[in-house]
Every structure is written in C-alpha cells, then in structure tokens.
Amino acid sequence: MPMNKIISTDKAPKAIGPYSQAYLSGNTLYCSGQIAINPETNEFIGGDIKCQTNQVLNNIKALLEAAEFKFENVVKTTCFLADMNDFEVFNKLYEKIFISKPARSCVAAKTLPKNALVEIEVIAVKF
C-alpha cells in the first residue's frame, strides 16, 4: 500500500485554509498552488511579475526539498497568470528552473489570492 503523508515546512508559506502545503502519495507529490508569500513573514511580497515569480519558485523549491524531491522530478505544472501580457517575462524565468520541460498548463485567471500576478502548482514523481 502506498505511503500517504502531509508535507509541511517552515521554508514555504503556511497553509491558510483546510489544505496541505503538499501531499505525498506513494511516489507522487502534489504541491498546492504557491503565490508570492515570504515564508519568514507569511506576508505577500507584491512587486512585479519577475519578483513574484522568483518567490513562487523559491516556495516550490522548499516544498520539493521538504519531500526530498527536486525540480527534475516535476512532471506537470499548472500556472495561473493574472495578465497574459506577463507571459514572456514569466516564461523566461520558468524555463531557467524547469529545464526538464514538464507538461504544463498556463491560463489567465481573473483574480488570484492577494491579487497576485502568478500562482503555480506542481505534481512531481520519483521514478
């Protein structure tokens, strides 16, 4: 029977509702959507798309590391952008981190929590 475990770390923003930061089921890790919240202060950092994307990627890295995964284990991302005019800048930052080119959906969202410009969730697998 696969191991199921809630993943929690102080190096990523705390869950602020009835959900987990991440959930490990067997060899698959499901990470909740991350926005630009500084885990040290638990405050939204604001800023432009570059600043917010970098914070989101740092938060995802912390969740992956807490479960002993790496970016190379990510097989699927879902990306939400408040403004598709930010797509080019977002994509340049994204491609530097997700060099394994996981499957991806990228959609425009009318409003994200805290009026964030970007939110990313990931699914990662250890083979």
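For the structure, check the block above.
If you're wondering where the values come from, they're calculated on a predicted model, not measured in any experiment. (Residues numbered from 1 in each chain as written. Predicted model: local features only at pLDDT ≥ 70, side-chain atom pairs only at ≥ 80, totals over all residues. Heavy atoms only, no water.)

Caption draft 1: Summary view of the pattern of salt bridges. According to the stated counting rule, one finds two salt bridges in the structure shown. Among the salt bridges present, the one from Glu65 reaches Lys61, with a minimum N-O distance of 4.0 Å. Taken as a pair, Glu65 and Lys61 lie in helix 1 (residues 49-66) at a separation of four residues, close to a single helical turn. For Glu88, the salt bridge goes to Lys92, with nearest N and O atoms at 3.5 Å. Here the residue Glu88 and the residue Lys92 both occupy positions in helix 2 (residues 87-97), the gap between them amounting to four residues, near one helical turn. (Salt bridge = Lys/Arg side-chain N within 4 Å of Asp/Glu carboxyl O. Helix = DSSP H or I, 4+ residues; strand = E, 2+ residues; numbered from the N terminus.)

Caption draft 2: How the structure looks around helix 1. For helix 1, built from 18 residues, the straight-helix expectation of 26 Å at 1.5 Å per residue is met to within 8% by its first-to-last C-alpha distance of 26 Å. Buried residues of helix 1: Ile49, Gln52, Thr53, Gln55, Val56, Leu57, Asn59, Ile60, Ala62, Leu63 and Leu64, and no others. Looking at where helix 1 begins, the residue whose side-chain oxygen comes 3.2 Å from the main-chain nitrogen of Lys50 is Asp48. Looking one or two residues beyond helix 1, the residue adopting positive phi is Glu68, at roughly 65°. (Expected span 1.5 Å × (residues − 1). Buried < 20%, exposed > 50% of the residue type's maximum accessible area, 1.4 Å probe, protein only. Polar contact = N/O pair within 3.5 Å; in protein donor to acceptor, adjacent residues only side chain to side chain.)

Caption draft 3: Representation of the side chain of Gln21. In this structure, Gln21 sits in the loop between strand 1 (4-7) and strand 2 (22-25). Side-chain polar atoms of Gln21 contact the backbone oxygen of Pro13, separated by 2.7 Å. Apart from the residues within four sequence positions on either side, Gln21 is in contact with Ile7, Ser8, Thr9, Ala12, Pro13, Lys14, Ala15, Cys31, Ser32, Gln34 and Leu63. (Contact = heavy atoms within 4.5 Å.)

Caption draft 4: Summary view of unusual backbone geometry. Positive phi is not limited to glycine here, since Lys114 has a value of about 60°. Positionally, Lys114 belongs in the loop between strand 7 (103-108) and strand 8 (118-125). Even without being glycine, Asn115 reaches a positive phi, approximately 60°. Here Asn115 shows up in the loop between strand 7 and strand 8. Taking the relative accessible area as the measure of exposure, Asn115 reaches 59% and is therefore exposed.

Structural measurements only, silent on function.
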